[in-house]
Structures are given as C-alpha cells and as structure tokens.
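Chain residues, written in single-letter form:
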Amino acid sequence: MKIGLKWIVSFSLIAVVAIGGLFWNPDTDIANKGAFLTEDKIVGADVAWILAAAGLVLLMTPGLSFFYGGMVGRKNVISTMLQSFIALGVISMVWVVVGFSLSFGESLGITIAGKHYGIIGNPLSYPFFNGVGNLPHRIMAPTIPFILFALFQMKFAVITPAIITGSFAERVRFISYLLFIVLFSICIYTPLCHMVWHPDGLLNKYFGVKDFAGGTVVHMSAGFAALAGALVLGKRKNPHHEPSNIPYVLLGTGMLWFGWFGFNAGSALSASASAATAFGTTTIASASAMMTWIFFDRINGRSVSALGACIGAVVGLVAITPGCGFISIQESLFIGFISAIVSNLMVNWKALKKVDDTLDVFACHGVGGIMGMILTAIFAHGEKASLLHGGIEVFLHHLAALFLVSVFTFLGSLLLYKVTNAMITLRVSEESENMGLDLSQHQERFN
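Read on for an overview of the structure. Everything quoted here is computed from the prediction, not taken from an experiment.

1. Things to note about the overall build of the protein
Okay, so step 1: When its secondary structure is counted, the protein shows 17 helices and two strands.
Okay, so step 2: Taken against the 2.2 N^0.38 rule, which gives 22 Å for 447 residues, the C-alpha radius of gyration of the protein at 21 Å falls within 12% of a compact globule.
Okay, so step 3: In terms of overall dimensions, the protein has C-alpha extents of about 60 × 55 × 40 Å along its principal axes.
Okay, so step 4: In the protein, which comprises 447 residues, the proportion classed as buried is 57%.
Okay, so step 5: For the protein, the share of sequence-separated contacts (at least 6 apart) that also reach a separation of at least 24 residues comes to 77%.
Okay, so step 6: With an accessible surface of roughly 18100 Å², the protein has 67% of that area assigned to carbon and sulfur atoms.
Okay, so step 7: In the protein, 25 positive and 22 negative side-chain charges are present, and the distance between their average locations comes to 8 Å.

Below you can see the structure in the form of structure tokens.
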C-alpha cells in the first residue's frame, strides 16, 4: 500500500505534540496565579458530581456514533461510526495543546465604551494544560479543581464536530475530515465558546446570552457547519438508502439521553438545585418531543416509527440545552412540544431536501439549537431575564446574537471546507463512494 505524504505529515504532528509537551516550560505560561483560590475552597460533593458528569458527557460521543451508524447504509456503518468516535482522540489532543487556552484563557478582544469584551482566549494562557492545576478558579470554577473544569469542557469540544459528520456521511474522505475538525475546533468552536461561556466573552458580557449547556456553542455551531458541509460536498450519487440497523439507533439514543444528564445538569458545575432543575427539564423536554414527533408524523400520514421516536427525543434534548437550568418543568414540556413540530417540518421541507444533509443534522441540531435559544429568551426565570419576565432587551439581544452566530458559523465553516478541500480533496471518488467508505477508506466490512 502506497503511503501518501499527508499520512507522514499527520504522524509527524502527533509526534511533535506528544514529545514537545515534555519540553514546555511550565514556569512561563501560568496565565494568572491570582485567579485561583486555595484548596480548602473545594467542595467534595461538587467534585464527585462533575467527575460523574464528565464521564456521562464522554459517553455521548460513542452514543452518537451508534445513533448515526444505524441510520446510514450498510456499506458506510463503520466509517460513519468512526468519524464520531475518532473525535475523542483528535479533539482531546487539540484541547490540551491549545483549545482550552483559546476557549477559557485570558480574553483577547475589543473595547466598547471603555469595557473589554473577549472574542478569543490567549493561546499562551494554558498551553499543554500548564497552569491548569488542582486549585479552583476564582470565577469559572470556584468549588472544583480547575483541571476538572477543563476536562469537563473538553467533552463538549469533542462531541461538537462529531455532530457535524451526519451531514456529509457516505461521501467524505477520512483524512480530509480529520483536518477539517481540527480547523473547526480552533477557528469556530473555541472563539464561540469563549464569547458565550468566558466571564468576559462578548456574547456573554455584552449581549447577555443565556446558554446553560451549549445550545449555541455546540448545536447551532454544528448545525450550521453541517449545512455548509452538505452544500460544499454536494449530493451523494445514491441519496436513497434504508437505515442499516434501527436497534443501533435506539441504543445510541439511549446513550445520548443518559449522557445528556451530565451535559446539562453537569453544566451547573455543582451538586445543587440548579443541577436538579436541569436534570428534570432535560428528561421532560425529551419525552415531550419524542411523543410529539411520532404523533405529528402520524397525523401527517407517516408511520409511527422507532427512527422517528429517536429523532424526536434527540431534538427535545437539543432544544432544552440552552435553557435547562433557567426554566420550569411545565415550560420544558412546551419547549419539547413546539421544537419537535418545527424540526419535523424542517426535516420534511422539500426545499431543504434538495440539500443532501444525509442525516438531517441542520434540521435537528441547527434548528433545535435556534429554537432553544429563542425559547430561553422568552421563558428564562429571573427579573428581566426574558421576554415573559420584563426582559425585552434580553430577548432582542438574543435575536441579534442568533444572527451573528449563524453568520459566523455558517460562513466560517464554508471557508474552512474550502481551505480543507484545497489542501486535501474532501470528497471520495465515485468508485470509492459506490464501493462504500467502510471498504474504500478503512478496508473493513460491517456484517
């Protein structure tokens, strides 16, 4: 087998990262020692819960691989599952080297009316996790070790590019995909994460965006990147296929739902009432969306299907994510209901069908994230916290931020696909596509 230059370069980069970290001088890269509290401020219950929550969020990526793998044709099951699974390796390394610094490091940005607003973190704040120790951070993680906060956030960075894979499944080259998710993580995810979740971030501090667990940072960014990817790679030669394994989809949905408790309730960063609220709203919104989806399918002349139930449940999980800690159980029922209807309409919209988004990533994650962001700005509790609580300014700021995030993630991803394609061709050959990516890319077969 001929070994191309791209594989040698890729291996060399891994070697440089693995060996280079040993020689990084830890005395020069601690961003701000004064930002940390003393060890006695650590709360054991919070540590235990976030350790568990981080494990739950990690489980979501293998869950996503089963969810997507069961939906594609038999010739592409392994390749589709691996595209999700491999993010655990690629993005974890990127996160340690520079991703965490870009997301939560010292704010670099703009000044408006004498106030600083961050757009991205300083890459020299915590390179190779230097300076990310066992002390709690004064602002971002005051009751848990900062390294636990960094590792918890890493799981969010991992699953975001994995979500995108469903849009271009069955036609993307594996090595090109690896390059794209590295670029996406650095150029799209980290600045968005910084702007929304860093205390000095532009969307957080100036716009007041409420995103409890990632509706904007994770699902909207992945949804719009998925739409851009489907447009750039074009339609499959044979866009019609039967799902290969519905039990895989059911298994993946169960793993996602289970892991989502860590995703949402863990984002409270404490074993608290806020975590309990997020836990409750998460499961109720998903239940509501699942039931709404199957009955809405039926009254529109479609069968009640296991696939539909699973998609509906995931849409509910997506939609509740930004507001899970800010709303009531009653409101989560409505959010699951209305989001399922809107996403169902989008999945079956003929105009969107013309774009070959293989597994309807934009219609489910992108639209679900949009719905969650809008509904959070309508229902979030607290004085002037949302439209229903006297916060018209908050609602308008959310709409403005929604527009900015949509444009940034879509156009930014579009550019990154073009850059990736210029370096390594994104799409497999017609022969490889007909053979199936399992064999043509990995020399493996799903039995």
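2. A short note on the pairing of strand β2 (residues 115-121)
Okay, so step 1: The pairing of strand β1 (residues 107-112) with β2 spans six bridges and is antiparallel. Residue Ile110 lies in a different strand from β2, and its bridge partner there is Tyr117.
Okay, so step 2: Counted between consecutive antiparallel strands, the loop separating β1 from β2 contains two residues, among which Ala113 sits at a positive phi close to 50°.

3. Observations concerning the packing of aromatic side chains
Okay, so step 1: All told, the structure shown has 28 aromatic pairs when counted by the stated rule.
Okay, so step 2: Pairing Tyr117 with Tyr206 gives two aromatic rings, centres 5.3 Å apart and planes at 80°, and the pair type is edge-to-face. One end of the pair, Tyr117, is in strand β2; the other, Tyr206, is in helix α7 (residues 202-206), and 89 residues separate them in sequence.
Okay, so step 3: A residue is classified by how much of its surface remains accessible, and Tyr206, at 38% relative accessible area, is partly exposed.
Okay, so step 4: Ring geometry for Phe156 against Phe263: centres 4.4 Å apart, planes inclined by 25°, an arrangement best described as stacked. Here Phe263 lies in helix α9 (residues 246-265) and Phe156 lies in helix α5 (residues 146-164), a separation of 107 residues in the sequence.
Okay, so step 5: Under the relative-accessibility criterion, Phe156 is labelled buried at 1%.
Okay, so step 6: On the basis of relative accessible area, Phe263 is assigned to the buried category, the value being 1%.
Okay, so step 7: The structure contains a cluster of three or more aromatic residues connected by ring pairs, namely Phe36, Trp95, Phe100, Phe104, Tyr126, Phe129, Phe146, Phe149 and Tyr189.
Okay, so step 8: Its guanidinium or amino end placed over the ring of Tyr117, Lys205 lies 5.6 Å from that ring's centre, counting from NZ or CZ.

4. Notes on the nonpolar core
Note that soluble globular proteins tend to have their nonpolar side chains buried in a common cluster.
Okay, so step 1: Residues Phe67, Phe100, Phe149, Ile164, Tyr189, Leu203 and Phe263 are the most contacted members of the largest nonpolar core, which totals 132 residues.
Okay, so step 2: The element best represented in this core is helix α6 (residues 174-197), accounting for 16 residues.

5. A closer look at the packing of helix α10 (residues 273-299) against helix α11 (residues 306-320)
Okay, so step 1: At their nearest, the axes of α10 and α11 sit 7 Å apart, and the two run at 140° to each other. The pairing of α10 with α11 is recorded here as oblique in orientation. Classified by chirality, the crossing of α11 by α10 is right-handed. Across the interface between the two elements, Thr281, Thr282, Ala285, Ser286, Ala289, Met290, Trp293, Ile294 and Asp297 from α10 touch Gly308, Ala309, Ile311, Gly312, Ala313, Val315, Gly316, Leu317 and Ile320 from α11.
Okay, so step 2: When the residues that make up the contact of α10 with α11 are grouped by side-chain class, the tally is eleven nonpolar, six polar and one charged.

6. Some thoughts on helix α14 (residues 361-379)
Okay, so step 1: Here α14 is 19 residues long and its end C-alpha atoms lie 26 Å apart, about the 27 Å a rise of 1.5 Å per residue gives.
Okay, so step 2: The buried fraction of α14 amounts to 18 of the 19 residues, a majority that puts the element mostly inside the structure.

7. Observations concerning the packing of α10 against helix α12 (residues 329-347)
Okay, so step 1: Here α10 crosses α12 at 40°, and the two axes come no closer than 7 Å. Considered as vectors, α10 and α12 are oriented oblique to each other. Judged by the sense of rotation from one axis to the other, the crossing of α10 with α12 is right-handed. In contact with Gly280, Thr281, Ile284, Ala285, Ser288, Ala289, Thr292, Trp293, Phe296 and Asp297 of α10, α12 contributes Ile329, Ser332, Leu333, Gly336, Phe337, Ala340, Ile341, Ser343, Asn344, Leu345 and Val347.

8. Here's the deal with the side chain of Asp211
Okay, so step 1: With respect to the helices and strands, the residue Asp211 is situated in the loop between α7 and α8 (215-233).
Okay, so step 2: Lys210 provides the closest opposite charge to the buried, unpaired Asp211, separated from it by 12 Å.
Okay, so step 3: One polar contact links the side chain of Asp211 to the main-chain amide nitrogen of Thr216, over a distance of 2.8 Å.

9. Things to note about empty space enclosed by the protein
Okay, so step 1: One pass over the full model with this rule turns up two cavities of 30 Å³ or more.
Okay, so step 2: If you add up the space inside the largest cavity, you get close to 80 Å³.
Okay, so step 3: Lining the largest cavity, in full, are Phe67, Tyr68, Met71, Ile311, Val314, Leu359, Asp360, Val361, Cys364 and His365.
Okay, so step 4: For the lining of the largest cavity, the secondary structure elements donating two or more residues are α2 (44-69), α11 and α14.
Okay, so step 5: Considering every element that reaches the lining of the largest cavity, the biggest residue donor is α14, with three residues.

Thresholds applied
- Residues numbered from 1 in each chain as written.
- Predicted model: local features only at pLDDT ≥ 70, side-chain atom pairs only at ≥ 80, totals over all residues.
- Heavy atoms only, no water.
- Helix = DSSP H or I, 4+ residues; strand = E, 2+ residues; numbered from the N terminus.
- Rg over C-alpha atoms; globule rule 2.2 N^0.38 Å.
- Buried < 20%, exposed > 50% of the residue type's maximum accessible area, 1.4 Å probe, protein only.
- Contact = heavy atoms within 4.5 Å.
- Areas by Shrake-Rupley, 256 points an atom, 1.4 Å probe, with all protein chains shown as cover.
- Lys, Arg positive; Asp, Glu negative; His and termini not counted.
- Charge placed at Lys NZ, Arg CZ, Asp CG, Glu CD.
- Pairing = 2+ DSSP bridges.
- Phe/Tyr/Trp six-rings, centres within 6.5 Å; stacked < 30°, edge-to-face > 60°.
- Lys NZ or Arg CZ within 6 Å of the ring centre and 35° of its normal.
- Core = buried A, V, L, I, M, F, W, Y, C linked by side-chain atoms within 4.5 Å.
- Axes fitted to C-alpha atoms, helices over the stretch in contact; angles between N-to-C directions.
- Parallel < 35°, antiparallel > 145°, perpendicular 65-115°, else oblique.
- Left-handed = near helix turned anticlockwise from the far one by under 90°.
- Nonpolar A, V, L, I, M, F, W, Y, C, P; charged D, E, K, R; others polar.
- Expected span 1.5 Å × (residues − 1).
- Salt bridge = Lys/Arg side-chain N within 4 Å of Asp/Glu carboxyl O.
- Polar contact = N/O pair within 3.5 Å; in protein donor to acceptor, adjacent residues only side chain to side chain.
- 1 Å grid on protein atoms, 1.4 Å probe; cavity = no way out; pocket = protein on both sides within 12 Å on 5 of 7 lines; lining within 4 Å.
- Points joined across faces, edges and corners; volume = space filled by probe spheres on them.

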